[in-house]
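Chain and residue survey
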Amino acid sequence: MIRCVMMDLDGTLLRIKDQKTAGISDENEQALIRFEKAGGLTGIATSRSPGYIRHFSRRTWSAIVGWNGAAIQTAGTLQLHPLPKQDIKQLWKTLAGDQPQNRVVMVTTDNDFLVYDLTFPLVRGYCENPLGLIQDHRRVVEWDSRSKHDSIAVIFAVYPDAPTAQAIRERLASTGLHGIWTSPRTLMITDKQVDKACGILEAAVQLGLKKEEVAVIGDDYNDLTCFETFPASFCMASAEPEIQRQARWTVASVAEALALIQRENAAAKALNG
């Protein structure tokens, strides 16, 4: 029996027609309500920060796995898995943060936001938001490599192209850190032991659930560990074919996945009497 469904945001739950982050569709919202009324638990697993969630929904989620597993929130309690202590100046060089063509943002454990530099043309277009999509581009204090912070939660790094991002990712192998792809040229750097699947497993323990009682829904490369870890895995039909192949089912919407889960649950209940 599936008791809990953990969903990715961009391109998965926040999809209305062909718009990846337009909001929760009426179809998905009603499906969530039906699943919860039947006793199911619903949660979010995202590369976004936990604070981003309130931008699109006031509903109460059973669990929120943010920053690709670096932040786990259940029952109002937030558990953080920050980066291990680092020589920040050396790390800054490793990530090529001292090169102006790169964008490297270090997010402290008490800083819930990401920084978008409006001097970048791509960022200006993103923030102008002509399609009216849900965005998270609040400004925070710029990182100063001379500053001293006791705890870094995650690092968000944007590079000019995918080969540069891959080269940086390979450099991280000797640092005890992990570069998680969030786009072909964007990395979220976390502790080596952190990823979405680990975060969902931790949330499941806090909710008193077994791995087999949790289903996952996603659409991108940072969801692959979830597909590998959880037998009940769903991939969006809009995802790349190589991502779809790693999940058990391919669906057109979260609503379709929830309907399938409820049918499977009903069948299991009937079989077990």
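These lines cover the structure that appears in this document, whether it is placed above or below.

Rules used in this analysis
Residues numbered from 1 in each chain as written. Predicted model: local features only at pLDDT ≥ 70, side-chain atom pairs only at ≥ 80, totals over all residues. Heavy atoms only, no water. Salt bridge = Lys/Arg side-chain N within 4 Å of Asp/Glu carboxyl O. Helix = DSSP H or I, 4+ residues; strand = E, 2+ residues; numbered from the N terminus. Buried < 20%, exposed > 50% of the residue type's maximum accessible area, 1.4 Å probe, protein only. Pairing = 2+ DSSP bridges. Axes fitted to C-alpha atoms, helices over the stretch in contact; angles between N-to-C directions.

On to the pattern of salt bridges, then. Scanning all chains against the criterion turns up 6 salt bridges. The closest approach of N and O atoms between Arg3 and Glu213, which form a salt bridge, is 3.5 Å. Within this pair, whereas Arg3 is found in the segment before β1 (4-7), its partner Glu213 is found in the loop between α5 (196-206) and β10 (214-218), the two being separated by 210 residues in sequence. Taking the relative accessible area as the measure of exposure, Arg3 reaches 38% and is therefore partly exposed. Arg59 is the partner of Glu36 in a salt bridge, and the nearest nitrogen-oxygen pair spans 2.7 Å. Here Glu36 is found in helix α1 (residues 26-37), whereas its partner Arg59 is found in the loop between β2 (41-45) and β3 (63-66), with 23 residues between them in sequence. On the basis of relative accessible area, Glu36 is assigned to the partly exposed category, the value being 26%.

Before going further, it helps to examine the sheet that holds strand β9 (residues 186-191). Ordered in space as β6-β7-β9-β8, the 4 strands form an open sheet in which the pairing is antiparallel. In this open sheet, the two edge strands, each paired with only one partner strand, are β6 (103-108) and β8 (177-183). Recorded for the sheet is a direction-independent mean angle of 20° between the axes of neighbouring strands. Bridging between β8 and β9 involves 6 bridges; their strand directions are antiparallel.

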